[in-house]
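Descriptive analysis of the structure
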Amino acid sequence: MGDIVSEELYSIRMRAAEGGPHEQGGFHISGGETLTSKQKVAETARTLVQKALKHSRGDADFIQVVIEKVSADNHMPITPLPVLSVAAKNREEGRLRAAEYLRSFGVSEQAIISGMQLLQDHTNLRGAAILSASTGKRLDDRGERGVRVTRMGWSQEAYNSWCAAHPHVSSSRITEALVLATKVAHAPFVQAELCWSDDPEYVTGYVACREMGYVRINPLKERGDFSGGRIFFVQDDVNLDQCISFLEQRIVMLV
Ligand code: WAQ
Ligand code: MG
């Protein structure tokens, strides 16, 4: 949502569940986060609430929106990862392609298998699972909550020029995924990312890394499947606190 003015910056995040709040066992419906200018806080909050209320995963009966003013002085400007789109015949071929890319990004076979299995097994993950890129062992202890990346957004200029340069792929789902993937790819100790949506109708997923970019793969799952989530593969020398604090706290703007 490219609408950042540098002086006054607000972080907005939303999470929604059905059957009560997540921490009381509610089923995850939707989440979203962005940075925005003061003038657009209300409009952005409304868009996020609408996203929660009209969702293919179900009818949210718990919606939380948190709005925080953040200091705009100390943000990290980065350019969006380059985007490549790959078509596959079916889910199996899509996952083979994803595995080939992840191997070339430096993720071990074992870690690729563990990551894909974790996503396939979860229909209620609301953040990312952090896995060792060499052993595939899960390193965070967040369970289904996972690690939620926040405080990232597009500058208006970058958003406009990116959309003009990518007319065939400039949906809000893609621009939201790209800002997240770009931040994650620049996080300390992150080697690569694997993602497919937990929305049953959205079957395109992606793999990403800082050197190679954002590779969209269609499909990575079958229609009607509620499984999905995000895996961040990290290096062996990871300092987990440092990595997570970057993902949750550092203000990153695409320029
Ligand atoms: N931080 C960490 N994990 C997150 C975040 C976040 N801010 N947002 C979502 N996730 C995790 C969480 O486990 C969700 O269940 C899962 O990702 C999927 O989220 O190029 O739409 O918003 O065509 O359903 C990728 C392909 C679409 C876009 C991903 O994900 C394209 C998507 P969703
Ligand atoms: Mg979703």
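Shown above is the structure to which this text applies.
Residues numbered from 1 in each chain as written. Chains lettered and ligands numbered in written order. Predicted model: local features only at pLDDT ≥ 70, side-chain atom pairs only at ≥ 80, totals over all residues. Heavy atoms only, no water.

**Let's talk about the pattern of salt bridges**
A complete count under the given rule lists 17 salt bridges for this structure. E176 is the salt-bridge partner of K51, the closest N and O atoms lying 3.4 Å from each other. Taken together, the residues span a long stretch of sequence, with K51 in helix α1 (residues 41–53) and E176 in helix α5 (residues 172–185) at a distance of 125 residues. Accessibility expressed as a relative area gives 28% for K51, which makes it partly exposed. Connected via shared salt-bridge partners are E8, K38 and K69. (Salt bridge = Lys/Arg side-chain N within 4 Å of Asp/Glu carboxyl O. Helix = DSSP H or I, 4+ residues; strand = E, 2+ residues; numbered from the N terminus. Buried < 20%, exposed > 50% of the residue type's maximum accessible area, 1.4 Å probe, protein only.)

**A word on the coordination of the magnesium ion (ligand 2)**
The protein atoms donating to the magnesium ion (ligand 2) are D198 (OD) and D199 (OD), with metal-donor distances spanning 2.1 to 2.2 Å. Taken as a pair, D198 and D199 share a single burial class, namely buried. (Donors = N, O, S within 2.8 Å, 3.2 Å for Na, K, Ca; no water.)

**Some details on the site of ligand 1**
Taken together, 22 residues lie around ligand 1, and R173, S197, Y202, Y214 and R216 are the ones closest in. Within the backbone of G127, one N or O atom sits 2.7 Å away from an oxygen atom of ligand 1. In the model, an oxygen atom of ligand 1 is placed 3.0 Å from a nitrogen or oxygen of the R230 side chain. Breaking the shell around ligand 1 down by element, the ones donating at least two residues are α5, β10 (213–218) and β11 (229–234). (Near = heavy atom within 4 Å. Polar contact = N/O pair within 3.5 Å; in protein donor to acceptor, adjacent residues only side chain to side chain.)

**Concerning the environment of F226**
You can see F226 is positioned in the loop between β10 and β11. F226 gets classed as partly exposed once you look at its relative accessible area, which sits at 29%. Look past the residues within four positions of F226 in its chain and what remains in contact with it is F27, S56, R57, H122, T123, D198, P200 and K221. (Contact = heavy atoms within 4.5 Å.)

**Side note on the sheet that holds strand β12 (residues 252–254)**
Taken in spatial order, the three strands line up as β4-β12-β7 in an open sheet, and their pairing is parallel. Each having just a single partner strand, β4 (76–78) and β7 (152–154) make up the two edges of the open sheet. Within the sheet, the average angular offset between the axes of one strand and its neighbour, ignoring direction, is 25 degrees. Pairing of β4 with β12, which is carried by three bridges, proceeds in the parallel orientation. Opposite M76, over in β12, you have V252 as the bridge partner. Relative to the sheet, α5 contacts β4, β7 and β12, its axis offset from that of β7 by approximately 125 degrees. (Pairing = 2+ DSSP bridges. Axes fitted to C-alpha atoms, helices over the stretch in contact; angles between N-to-C directions.)

By themselves, these figures tell us nothing about what the structure is for.
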